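Each chain, written out:
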Amino acid sequence: MLITEIEVRSVVTRQKNPGRIPFDITINPYRGCLFGCAYCYASEFVYEDPQKRAAWGQWVEVKKNAVDALQKESRKVTGQRVFFSSATDPYQPLERRLGLTRACLEVLLMAAPAHLHIQTRSPHITRDIELLQRFGESLTVGFSIPTDSDIVRKVFEPRAPSISRRLKAAKELHEAGIAVSASVAPLLPCTPKRLARLLAPVFPEAWVGGMNFHLKETELRQLYTERGWEHFLTHAHRLEVETALWEAGLLPSPPRGTIAAR
Ligand code: SF4
């Protein structure tokens, strides 16, 4: 693992084309992510350097002046919808030691964004529950839970926390009054009804996103074909998952192509 420190001029990036979650700006306290998920395409918009892309998951650049930069830019944040973080997991292992995400959140709290969405795979977020509670209704936390299986998780996200630890952390936040949602994205091989059964007691809602191959199509398809998992890439699998989630009350409407039976 290569951990280096960098100085940045800004940590606030304005977004023109927000995705499913509407937001105006993104904030990333780190470049790189030690979870190193096989499908992660963050490196594609962080770095042109092919070596850095190839070594994604093996390095992190810590934005050592992120807090100062954010303080100087706090007016850009006030009243805006913030996504934290778009190209790194803000609660990746390094955060436990450095507390950079926490320090940035303390600045954000004072800056009063209209809405803050934190996206993570890490149970380490529970360290900050008291701080997160202070954002009140302006905060949502999205947990990425793209499968119910730790066998699958170890193939695609070998260094990310287990599914059970994510669920436990999400439950803790939910019980502390923090709004949580489940991102089943990118949808991985799973047992749809079991996944729905795991998510339903913890999350009021979920959403499903497909695999985005970007530049990694060959390697990713190989992970599927080597294990005979190709059928999990079909529309039928997605439909089965969406139906199970809808039947569990996690999606607002049935997926197209199903007969409403809830
Ligand atoms: S946790 Fe997110 S940012 Fe980190 S490697 Fe996985 S997909 Fe990429």
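- An unreviewed UniProt entry lists the protein under the name DNA repair photolyase, with Armatimonas rosea given as the organism.

**Observations regarding the domain arrangement of the protein**
Then, in step 1: Domain boundaries assigned for the protein yield domain 1 (1-112) and domain 2 (121-262).
Then, in step 2: Taking the mean C-alpha position of each, domain 1 and domain 2 sit 22 Å from one another.
Then, in step 3: Across the contact, 25 residues belong to domain 1 and 27 residues belong to domain 2.
Then, in step 4: Across the interface of domain 1 and domain 2, roughly 2,400 Å² is buried in total on both sides, 59% from carbon and sulfur atoms.
Then, in step 5: Summed over the three residues of domain 1 that lose the most area to domain 2, namely Tyr-39, Tyr-91 and Leu-109, the buried surface amounts to 32% of that side.

**Observations regarding the site of the ligand**
Then, in step 1: Around the ligand, the surrounding shell consists of Cys-33, Phe-35, Gly-36, Cys-37, Cys-40, Trp-56, Thr-88, Asp-89 and Arg-121.
Then, in step 2: Of the pockets mapped on this structure, the ligand occupies the largest pocket.
Then, in step 3: Per-class residue counts for the shell around the ligand are five nonpolar, two polar and two charged.

**What to know about the pairing of strand β7 (residues 115-120)**
Then, in step 1: With respect to burial, β7 is a largely interior element, five of its six residues being buried.
Then, in step 2: Here four bridges tie strand β6 (residues 81-84) to β7, and the two strands are oriented parallel to one another. Residue pairing across strands places Arg-81 opposite His-115, the latter belonging to β7.
Then, in step 3: Relative to strand β8 (residues 139-144), β7 runs parallel, the two sharing five bridges. Of the residues in β8, the one forming a bridge with Leu-116 is Leu-139.

**Quick look at the side chain of Ser-122**
Then, in step 1: With respect to the helices and strands, the residue Ser-122 is situated in the loop between β7 and α7 (129-133).
Then, in step 2: At 2.8 Å, the side chain of Ser-122 forms a polar contact with the backbone oxygen of Tyr-91.
Then, in step 3: Contacts of Ser-122, omitting those with residues within four sequence positions, involve Phe-35, Asp-89, Tyr-91, Phe-143 and Pro-161.

**Notes on the sheet that holds strand β10 (residues 206-208)**
Within a sheet, adjacent strands bond to each other through the backbone by hydrogen bonds, running parallel or antiparallel.
Then, in step 1: The sheet built from seven strands is open, its strands ordered β2-β3-β6-β7-β8-β9-β10 with mixed pairing. Sheet topology places β2 (12-14) and β10 at the edges, where each strand pairs with a single neighbour. Looking at each pair of strands side by side, their axes are set apart by 25 degrees on average, direction ignored.
Then, in step 2: Where strand β9 (residues 179-184) meets β10, three bridges bridge the pair, whose relative direction is parallel. In the strand pairing of β10, Val-184 is matched with Val-208.
Then, in step 3: The strands that helix α12 (residues 235-247) touches are β9 and β10; relative to β10, the one it contacts most, it runs at about 170 degrees.

**Remarks on the layout of surface pockets**
Then, in step 1: Space inside the largest pocket adds up to approximately 960 Å³.
Then, in step 2: Taken together, 37 residues form the lining of the largest pocket, with Tyr-41, Phe-83, Ser-86, Gln-119 and Arg-121 sitting closest to its centre.
Then, in step 3: Its residues placed into classes, the lining of the largest pocket shows 19 nonpolar, 15 polar and three charged.
Then, in step 4: Looking at which domains feed residues into the lining of the largest pocket, each of domain 1 (1-112) and domain 2 (121-262) gives three or more.

**Observations regarding the packing of aromatic side chains**
Then, in step 1: If you walk through the whole model with that rule in mind, you get five aromatic pairs.
Then, in step 2: Here Trp-56 and Trp-59 contribute two aromatic rings whose centre-to-centre distance is 5.5 Å and whose plane-to-plane angle is 85 degrees, an arrangement assigned as edge-to-face. Assigned by exposure class, Trp-56 and Trp-59 land together as buried.
Then, in step 3: Ring geometry for Phe-156 versus Tyr-224: centroids 5.2 Å apart, planes at 55 degrees, classification tilted. In this pair, Phe-156 is assigned in helix α8 (residues 150-156) and Tyr-224 in helix α11 (residues 217-226), connecting sequence segments 68 residues apart.
Then, in step 4: Take Phe-156: its relative accessible area is 0%, and that puts it in the buried class.
Then, in step 5: One aromatic cluster is present, built from ring pairs that chain together Phe-156, Tyr-224 and Trp-229.
Then, in step 6: Taking NZ or CZ as reference, Arg-227 lies 5.8 Å from the ring centre of Trp-229, over its face.

The rules we used
- Residues numbered from 1 in each chain as written.
- Predicted model: local features only at pLDDT ≥ 70, side-chain atom pairs only at ≥ 80, totals over all residues.
- Heavy atoms only, no water.
- Domains from an automatic or database assignment.
- Contact = heavy atoms within 4.5 Å.
- Buried area = accessible area lost by both parts, 1.4 Å probe.
- Near = heavy atom within 4 Å.
- 1 Å grid on protein atoms, 1.4 Å probe; cavity = no way out; pocket = protein on both sides within 12 Å on 5 of 7 lines; lining within 4 Å.
- Sits in = over half its atoms within 2 Å of the grid points.
- Nonpolar A, V, L, I, M, F, W, Y, C, P; charged D, E, K, R; others polar.
- Buried < 20%, exposed > 50% of the residue type's maximum accessible area, 1.4 Å probe, protein only.
- Helix = DSSP H or I, 4+ residues; strand = E, 2+ residues; numbered from the N terminus.
- Pairing = 2+ DSSP bridges.
- Polar contact = N/O pair within 3.5 Å; in protein donor to acceptor, adjacent residues only side chain to side chain.
- Axes fitted to C-alpha atoms, helices over the stretch in contact; angles between N-to-C directions.
- Points joined across faces, edges and corners; volume = space filled by probe spheres on them.
- Phe/Tyr/Trp six-rings, centres within 6.5 Å; stacked < 30°, edge-to-face > 60°.
- Lys NZ or Arg CZ within 6 Å of the ring centre and 35° of its normal.

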